[in-house]
There are 2 protein chains.
Amino acid sequence: MSAGATNEEATPSGDREGRIVVVGGGFGGLACARALGKRGTPTTLIDQHNYHLFIPLLYQVATAGLSPADVAQPIRRILRRYESVRVINARATGVDTERREVLLENGRHVPYRALVLATGAQYNYFGHDDWAAYAPGLRTINNARTLRANLLAAFEQAEMEDAAAAREALLTTVIVGGGPTGVEMAGAVVELCRFALARDFRSIDPRSAQVILIEAAPRLLTAFQQRLSDYAYRRLQSMGVTVRLSCTVQTLDRQGVIAGGERIRAGNVIWTAGVKASDAVSWLGGTSRPDGRIEVRADLSVVERENIYAIGDTADCVDAEGHALPALAQVASQQGTHLGKALDAWARDGTAVPAFRFRNRGNTAIIGRNAAVFEFGRWCFTGRMAWLLWGIVHIYLLVGFEQRVLVATQWLWHYLTYERGARLIERG
Amino acid sequence: MSAGATNEEATPSGDREGRIVVVGGGFGGLACARALGKRGTPTTLIDQHNYHLFIPLLYQVATAGLSPADVAQPIRRILRRYESVRVINARATGVDTERREVLLENGRHVPYRALVLATGAQYNYFGHDDWAAYAPGLRTINNARTLRANLLAAFEQAEMEDAAAAREALLTTVIVGGGPTGVEMAGAVVELCRFALARDFRSIDPRSAQVILIEAAPRLLTAFQQRLSDYAYRRLQSMGVTVRLSCTVQTLDRQGVIAGGERIRAGNVIWTAGVKASDAVSWLGGTSRPDGRIEVRADLSVVERENIYAIGDTADCVDAEGHALPALAQVASQQGTHLGKALDAWARDGTAVPAFRFRNRGNTAIIGRNAAVFEFGRWCFTGRMAWLLWGIVHIYLLVGFEQRVLVATQWLWHYLTYERGARLIERG
């Protein structure tokens, strides 16, 4: 296409009725745009970032194992082959449901025929948004780079610190939340201290660093079977992580946390204790839930709105038994693909969108070297077998052949040498 | 060493006379610390970053080919095996020559027995420091990430832009300076547009993007032989770069540049037109030159100062024929190794530091696919042969086996697919 072509999204011209607009290039939005693109349906995908982020491996960026580009792929490149799909790299700020337009931060309006909200989730501090300053979550590349810089900088400061108490505090990391991200972070941080940093300092011994994992529930990994939770607990303890169950955080500040009535001085606190949906719900005007999710019907359409759908972490969707679907990449992907196919049929001949049905593809979380949990229906694995499955599944799910090769190469290298290759302190 | 050990640099205790202090972990400082470490001499290396940056490949980070961690290695890890070497990750702000201490930004003082200044260079805007805001240079990871984001964002904006003139300006990149960095950037930017981005947009054609290289001298690569300059000129022109020789920049602003009397509207201007030494000279109180370099004697000691040495881009050093040594990594490395060995002998028995003698190991610059120049003494190569040599030399010079494998893998992949793997817009 020549540089002289007009930009159809930017000018509210003839095809106002023409395009399906997807907001968000995460697992859900991307799957939806792909399904539409494969079928040649005119589609526009809007995202504030120019890349799709593979959040399941973001904790490895935060712990100096991988680089941001290893877990992020340009959305344009992923959708390159689908000529009917356009990509807009801009932040959406609202929806005009009367005029059927998405509003962008840069002042432009994007008209839609049907709208798919796939704007994902952010960390939920349960009413204490000021805690975000002391305990960053892990949802964006900037989060991961900040956490990486904070973790590594604490060791650098400790190396220069004369007072033993201050040094000990700097070498303490508290992770709040014992879900998959919390367990993965705890394992990765303790391995970073025990192995990769072990011999690099002269005044401190990184192996003496404390990692404390705090979970409000009586067990870790509550989405998994009890025996997998028990395995994760034992394994983390044996790696040197202090796990505190049935323990809630009362206060969080610059010095650390008060949890279970006890003050823990910590150089770093990391928040993985829960997510809430992004503000897309406010764009539609207040059908909000406490977790920010948008209520959808079985066909993923937003209640009381016309031609608007929500998927992934944005949607409050229940399965056939009435249980809320979890905030997992596989739920978002399946919803995206389902909706993409259905909206193509709808756009062609008005076929109604059928009800979405989730198929559980299994669930897995890594703890550390040779240690993971893997669950598929009644089957479950732990240890080296689960760890291998975890690795294979994640390499397979990564977008792009180059990323697969690079990540596999780095994992092999780290496994053999106990090193971490991306130990950069840089905050941008 | 236990966590209870005292921190010798931080407290001005007994070994005030004991340690050799190196400021800067670039090619010079690192080579110096390594040579001292190999010989067991008590040494402290101070750097504001926790990593050594391989600047010769930084342009590939700026053009989305490599990730920052591919060209940066933690200084601690490089020096891990040398027990006598300590590393301080802090910014040096001055030198107290009376008390023989280096002053750090965090308020601490580091006493030295001998001091090696290896603080490198920064871009020189020749009196127009305000130009830095419109035309970033390329000396740090942040520079590279900013340039990468600016280059990619210009295409995203152009895709949304309706006005043809504005679109054309966004798709124009001006590179000021026809030295190795300018030539390498021009080649890499034009390949990014022609190949990696070519099919990713719908309203614009990235292949129509303009790349303009401006050089004040009558030829490119003035440090190389004339026939290599001519080759680089022809090659860049055939790749689609507009090269303007004997052309100087009069003004630089948000809209672009005025150069050779002509206004060029550009979405991005990149500055590679010259370097000046960092402010280390001001720490010693005004032995300054216009280029900021510190005048040193043949033994690399600073004129009129005791037990202070300067190496690399910081030093104004002349060879046997009285010519100033160029600002090259190999000069810095050789000076560092020379000084490290000599200061070890000096620390042991007071042996005087011998004069430094530079041995030219050859010089090379890459232009693009299958195109480079390589010069060694009277021999010189161009084309695919030089390109292969360039690749082999740079893989060999990279610090760390993991980096070598990852960079080689990415280069092979990019060569085969014409892709660039790190196309992230993120500004930190």
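Since the model is a prediction, treat every value here as computed from it, not as a measurement. (Residues numbered from 1 in each chain as written. Chains lettered and ligands numbered in written order. Predicted model: local features only at pLDDT ≥ 70, side-chain atom pairs only at ≥ 80, totals over all residues.)

A.B. asks: If you had to explain the interface of chain A and chain B to someone new, which residues and values would you point to?
C.D. replies: At the junction of the two partners, chain A supplies 53 residues and chain B supplies 53 residues. Of all the secondary-structure elements, those providing two or more residues to the side of chain A that touches chain B are β4 (72–74), α3 (75–78), β5 (85–89), α4 (141–160), α5 (164–170) and α11 (401–417) of chain A. Considered class by class, the residues forming the side of chain A that touches chain B number 21 nonpolar, 14 polar and 18 charged. (Contact = placed C-beta atoms within 7 Å. Helix = DSSP H or I, 4+ residues; strand = E, 2+ residues; numbered from the N terminus. Nonpolar A, V, L, I, M, F, W, Y, C, P; charged D, E, K, R; others polar.)

A.B. asks: So what about the pairing of strand β15 (residues 256–259) of chain A? Which residues, and what values?
C.D. replies: Residue and element names in this part refer to chain A. Looking at chain direction, strand β14 (residues 249–253) and β15 are connected through 4 bridges and run antiparallel. For T251, the partnering residue across the bridge sits in β15 and is I258. The antiparallel pairing of β14 with β15 creates a hairpin that spans 2 residues between the two strands. Pairing between β15 and strand β16 (residues 262–265): 4 bridges, direction antiparallel. Paired with G256 across the two strands is R265, which belongs to β16. Between β15 and β16, which pair antiparallel and follow one another directly, the connecting turn spans 2 residues, one of which, G260, has a positive phi of 55°. (Pairing = 2+ DSSP bridges.)

A.B. asks: Can you break down the confidence of the model for chain A residue by residue, with the values?
C.D. replies: Residue and element names in this part refer to chain A. Of all residues in chain A, 95% have pLDDT values of 70 or greater, and the mean over the chain is 92. Scored below 50 in pLDDT, residues 1–16 shows 28 contacts in the model against residues more than four places distant or in partner chains. The complex model carries a pTM of 0.93, and its ipTM stands at 0.92. (pLDDT = per-residue confidence, 0-100.)

A.B. asks: Could you give me a rundown of helix α9 (residues 329–349) of chain A, with the residues and numbers involved?
C.D. replies: The end-to-end C-alpha distance of α9(A), which contains 21 residues, comes to 30 Å, matching closely the 30 Å that a straight helix rising 1.5 Å per residue would cover. Following α9(A) by one or two positions, G350(A) has its phi on the positive side, about 75°. (Expected span 1.5 Å × (residues − 1).)

A.B. asks: Could you give an account of the domain arrangement of chain A, naming the residues involved and the relevant values?
C.D. replies: Residues and elements named next belong to chain A. Each assigned domain of chain A is listed with its residue range as follows: domain 1 (14–123 + 275–349) and domain 2 (129–273). Taking only C-alpha atoms, the centre of domain 1 and the centre of domain 2 are 32 Å apart. Elements supplying a minimum of two residues to the side of domain 1 that touches domain 2: α2 (58–62) and β10 (121–123). The dominant element in the side of domain 1 that touches domain 2, judged by the number of residues it contributes, is α2, at 5 residues. Residues belonging to the side of domain 1 that touches domain 2 are distributed by class as follows: 11 nonpolar, 4 polar and no charged. (Domains from an automatic or database assignment.)

A.B. asks: Which residues make up the sheet that holds strand β8 (residues 109–111) of chain B, and what values do they have?
C.D. replies: Residue and element names in this part refer to chain B. Ordered in space as β6-β7-β8, the 3 strands form an open sheet in which the pairing is antiparallel. Two strands in the sheet have a free side with no partner beyond their single neighbour: β6 (92–96) and β8. Going across the sheet, the axis of each strand differs from the next one's by a mean of 25°, ignoring polarity. Pairing of strand β7 (residues 101–104) with β8 involves 3 bridges; the strand directions are antiparallel. Note on β8: the bridge partner recorded for V102 is V110. (Axes fitted to C-alpha atoms, helices over the stretch in contact; angles between N-to-C directions.)

A.B. asks: Talk me through the environment of Q226(B); I want residue IDs and the actual numbers.
C.D. replies: All names here are of chain B. Mapped onto the elements of the fold, Q226 is located in helix α7 (residues 226–239). Of the residues examined, Q226 has 10 C-beta atoms within 10 Å and is grouped as exposed. For the pair formed by Q226 and T119, sequence separation is 107 residues and the distance between their alpha carbons is 32 Å. (Buried ≥ 20, exposed ≤ 12 C-beta atoms within 10 Å, placed from the backbone.)

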